[in-house]
Amino acid sequence: MTWTLNADNHAGEGDPVASVLVPRARDIGDFAVRRALPGSHPRTIGPFVFFDQMGPVTFEAGRGMDVRPHPHIGLSTITWLFSGEIQHKDSLGYDVTIRPGEVNWMTAGSGIVHSERSPAWARNGAVLSGIQAWVALPQDQEECAPSFQHYTADLFPRMDDKGIGIALITGSAFGKRSPVVTASETLYAELRLQAGAQLFVPALAEEQAFYVADGTITLGGKEYAEGTMLVLKPGSGALVTTSTGARCMLLGGDALDAPRHLYWNFVS
């Protein structure tokens, strides 16, 4: 099956952006992150209730990411790296090092404990960069048994052609389907555009947004800088263009089946 791309389409009249979320800086010990979700309005995008951009940060010799063991309930976590490595350990016994292009999908359900640390080699000037996100579980699955899946990079649909690169992380888009098993419809992809490239992204989910991780993009005639989350109007697609080159994340899915409370590492 080929990729279904059509840069000649247009998003329609007017501005497709409903709201712009500017992340808040949060210090997590060894470095700061940009936290775009939960936002002020809206607080969530589809099932996504938490969205952090990590780095890029270059660790000094002997330093690294050290998120000590902590619990989660009622959610799934997804880690997607642009560079670097993170060693995941959890109370189910998994000990997995994640690398760029791979996915760790951890479902907390009724409860799990895990840690995330830089492996030994990455504590000597290595660069860490990526996205840490949480998705809320449907109400009827919030108390499911915890589980963990690691997906290697070769499993994901990818394309790199005419200045456009796509990695489909979860869900369905552009005529492809990700192998990642999710509890609800969840759209997640990494989009890379070279300077001058353009990509029409149709309405693929009930709720949909772009997060600009690097560079700048233009939607509806307005340019947006890195570190910006752009929430689209319901049913709207968007023609994405860039004069500088950009890396952005496409995220969304079905709206939550009820409001969620977030407290520390817990979602309910």
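This text gives an overview of the structure that appears in the document. Predicted, not measured: the structure shown is a model, and the values here were computed from it.

## Some thoughts on the pairing of strand E6 (residues 75-83)
Stage number 1. Of all nine residues in E6, eight are buried; the element is thus mostly enclosed.
Stage number 2. Judged from the eight bridges that link them, E6 and strand E11 (residues 127-136) form a sheet pairing that is antiparallel. Across the sheet, residue Leu-75 finds its bridge partner in E11, namely Ala-136.
Stage number 3. Relative to strand E9 (residues 103-107), E6 is paired through four bridges, and the arrangement is antiparallel. Of the residues in E9, the one forming a bridge with Ser-76 is Thr-107.

## Brief notes about the nonpolar core
Stage number 1. One finds Ile-166, Phe-174, Leu-191, Leu-199, Val-201, Phe-210 and Leu-219 to be the most contacted residues of the largest nonpolar core, which totals 28 residues.
Stage number 2. Sorting the residues of this core by element identifies strand E14 (164-170), strand E17 (186-193), strand E18 (198-201), strand E19 (207-219), strand E21 (228-232), strand E22 (238-241) and strand E23 (246-253) as the ones contributing at least two each.
Stage number 3. Beyond its immediate chain neighbours, meaning those up to four positions away, Ile-166 contacts Trp-3, Leu-5, Pro-157, Arg-158, Met-159, Phe-174, Glu-190, Leu-191, Arg-192 and Leu-199.

## Some remarks on the layout of surface pockets
Stage number 1. The calculated volume of the second largest pocket comes to roughly 200 Å³.
Stage number 2. Elements with a contribution of two residues or more to the lining of the second largest pocket: strand E1 (17-21), E19 and E21.
Stage number 3. When grouped by side-chain class, the residues that make up the lining of the second largest pocket number eight nonpolar, six polar and three charged.

## Remarks on the pairing of E11
Residues in a regular strand project their side chains so that they alternate between the two faces of the sheet.
Stage number 1. Among the ten residues in E11, nine count as buried, and that is most of the element.
Stage number 2. Sheet analysis places strand E4 (residues 48-58) next to E11, joined by eight bridges and oriented antiparallel. Pairing of Met-54 across the sheet is with Gly-130, part of E11.

## Points about the pattern of salt bridges
Stage number 1. Within the structure shown, the criterion is met by eleven salt bridges.
Stage number 2. Asp-15 is paired through a salt bridge with Lys-222; the nearest N and O atoms lie 3.3 Å apart. Here the residue Asp-15 occupies a position in the segment before E1, and Lys-222 occupies one in strand E20 (residues 222-225), the gap between them amounting to 207 residues.
Stage number 3. The closest approach of N and O atoms between Arg-35 and Asp-52, which form a salt bridge, is 2.8 Å. Of this pair, Arg-35 sits in strand E3 (residues 32-37) while Asp-52 sits in strand E4, and the two are 17 residues apart along the sequence.
Stage number 4. Bridged by salt links that share partners, the residues Glu-142, Asp-257 and Arg-260 form one connected network.

## With respect to the sheet that holds E3
Stage number 1. Pairing within the open sheet is antiparallel, and its seven strands lie in the order E2-E3-E4-E11-E6-E9-E12. Since the sheet does not close on itself, it has two edges, and those belong to strand E2 (24-27) and strand E12 (147-151), each with one partner. Between one strand and the next, the sheet's axes are offset by a mean angle of 20°, whatever the strand orientation.

## Thoughts on unusual backbone geometry
Stage number 1. Omega for the bond connecting Leu-37 with Pro-38 falls within 30 degrees of zero, at 5°, which places this linkage in the cis form.
Stage number 2. Mapped onto the fold, Pro-38 is located in the loop between E3 and E4.
Stage number 3. Cis geometry is found at the peptide bond from Gly-55 to Pro-56, where omega equals 10°.
Stage number 4. In this model, Lys-162 sits at a positive phi of 55°, which is unusual for a non-glycine residue.
Stage number 5. As for its placement among the helices and strands, Lys-162 is situated in the loop between strand E13 (158-161) and E14.
Stage number 6. One non-glycine residue, Trp-264, adopts positive backbone phi at about 55°.
Stage number 7. Relative to the assigned elements, Trp-264 resides in the loop between strand E24 (262-263) and strand E25 (266-267).
Stage number 8. The exposed category is assigned to Trp-264, whose relative accessible area is 56%.

Scoring rules and cut-offs
- Along each chain, numbering runs from 1 in the same order as the chain's sequence is written.
- Given that the model is predicted, a residue must reach a pLDDT of at least 70 before its local features are reported, and side-chain atom pairs must reach 80 or more before they are shown or counted; all residues, however, enter totals for whole chains, interfaces and linings.
- With hydrogens and water excluded, all non-hydrogen atoms of the structure serve as input to the side-chain values.
- Only protein chains enter the accessibility calculation, which uses a 1.4 Å probe; a residue whose area is less than 20% of its type maximum is buried, one above 50% is exposed, and one in between is partly exposed.
- The way it works is that DSSP assigns letters per residue, a run of H or I at least four long becomes a helix, a run of E at least two long becomes a strand, and they are numbered from the N terminus.
- Paired strands, as defined in this entry, are two strands with at least two bridges between them according to DSSP.
- Only buried residues count toward a nonpolar core. Its members are Ala, Val, Leu, Ile, Met, Phe, Trp, Tyr and Cys residues joined through side-chain atoms within 4.5 Å.
- In what follows, residue pairs with any heavy atoms lying within 4.5 Å of each other are defined as contacts.
- Using only the protein atoms, space was sampled on a 1 Å grid; points where a 1.4 Å probe fits but cannot get out form cavities, open sets with protein on both sides within 12 Å along at least five of seven lines form pockets, and lining residues are those with an atom within 4 Å of a point.
- Grid points are joined across faces, edges and corners, and a volume is the space filled by probe spheres set on the points.
- Amino acids are sorted into nonpolar (Ala, Val, Leu, Ile, Met, Phe, Trp, Tyr, Cys and Pro), charged (Asp, Glu, Lys and Arg) and polar (every other residue, Gly among them).
- The salt bridge criterion pairs a side-chain nitrogen of Lys or Arg with a carboxyl oxygen of Asp or Glu, the two atoms within 4 Å.
- Inter-axis angles, ranging from 0 to 180 degrees, are taken between N-to-C directions of lines fitted to C-alpha atoms, where helices are fitted over the stretch in contact.

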